[in-house]
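Summary of structural features
Listed below are the residues making up each chain.
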Amino acid sequence: MSRADRARLGAYGAAACAAAYGSMKLAQALGANALADKDPLPPHLREQLLARDPLFVASHWLLAGAAVVGVIVALATVQPWGAAVPRRLLLAIAWTLGIFMIARSIGGVGFGFVGDALLLTGVRPAPVEHAALARTLARWDLLLWSPFFLLWGMCWATAGWRLGRRGSLADNRRNFGDF
């Protein structure tokens, strides 16, 4: 696979992950469960989420909107119309999101690969009153959410790396071919 293909794959992967995440949040905003019960939240916040607290419903609408923006930003890194967006802005967004999502997936504190492994192996004790729930959510996070955020973050980082390696979309077409 050529460097241009890997770069496009990163941008399209970031857009696809944003669309998937946004679809889930939109479904939750409209009243569907859509993995809400698998969200690794502290018990009191989890109860509010599942009870459809208005703040959580509003947050789902905001996250669905942010995901739409994420799709547009990811596509702007590889589409000709993206030349209208300042490259440094796209670069800052892509790297910030990539680093944030990779850090979330690794998760030295709390959830993430490290936090989940520490909880599931007993190195970090689970809260006594919610031990079974904490272990269940750690398993879901370890098998679903952390890998998803790692993939999404790697896609953003690839898109950011691509932006940092070129001067403009016009230069990119000359170097990597048409989109």
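First, a word on scope: everything that follows refers to the structure included in this document. (Residues numbered from 1 in each chain as written. Predicted model: local features only at pLDDT ≥ 70, side-chain atom pairs only at ≥ 80, totals over all residues. Heavy atoms only, no water.)

Focus on the overall build of the chain
From N to C terminus, the chain includes 7 helices and 0 strands. Each helix (α) and strand (β) of the chain, taken in turn from the N terminus, gives the series α-α-α-α-α-α-α. Structurally, the chain occupies a C-alpha span of about 60 × 35 × 25 Å along its principal axes. Counting across all 179 residues of the chain, residues that qualify as buried make up 37%. Restricting the contact set of the chain to residue pairs at least 6 apart, pairs at least 24 apart contribute 68%. (Helix = DSSP H or I, 4+ residues; strand = E, 2+ residues; numbered from the N terminus. Buried < 20%, exposed > 50% of the residue type's maximum accessible area, 1.4 Å probe, protein only. Contact = heavy atoms within 4.5 Å.)

Quick word on the layout of surface pockets
By volume, the largest pocket amounts to about 630 Å³. Every residue lining the largest pocket is counted, 27 residues in all, and those nearest its centre are Tyr21, Lys25, Asp39, Leu63 and Phe149. Looking at the lining of the largest pocket, the elements with two or more residues in it are helix H1 (3–29), helix H3 (54–76), helix H4 (87–106) and helix H6 (131–164). Per element, the largest residue contribution to the lining of the largest pocket is 7 residues, and it comes from H3. Tallied by class, residues from the lining of the largest pocket come to 20 nonpolar, 4 polar and 3 charged. Of the volumes computed, that of the second largest pocket is approximately 180 Å³. (1 Å grid on protein atoms, 1.4 Å probe; cavity = no way out; pocket = protein on both sides within 12 Å on 5 of 7 lines; lining within 4 Å. Points joined across faces, edges and corners; volume = space filled by probe spheres on them. Nonpolar A, V, L, I, M, F, W, Y, C, P; charged D, E, K, R; others polar.)

A look at a nonpolar patch on the surface
A contiguous nonpolar patch, built from Leu26, Leu30 and Trp61 and spanning about 320 Å² of accessible area, is present on the exposed surface. Within the element layout of this structure, Trp61 appears in helix H3. For Trp61, a relative accessible area of 43% puts it in the partly exposed group. (Patch = residues over 30% accessible without salt bridge, like charges linked within 9 Å, V, L, I, M, F, W, Y side chains within 5 Å. Areas by Shrake-Rupley, 256 points an atom, 1.4 Å probe, with all protein chains shown as cover. Salt bridge = Lys/Arg side-chain N within 4 Å of Asp/Glu carboxyl O.)

With respect to unusual backbone geometry
Residue Ala34 is not a glycine yet carries a positive backbone phi of 35°. Tracing the chain through its elements places Ala34 in the loop between H1 and helix H2 (43–50). Here the phi dihedral of Arg52 falls at roughly 60°; this positive angle occurs in a residue that is not glycine. Topologically, Arg52 is positioned in the loop between H2 and H3.

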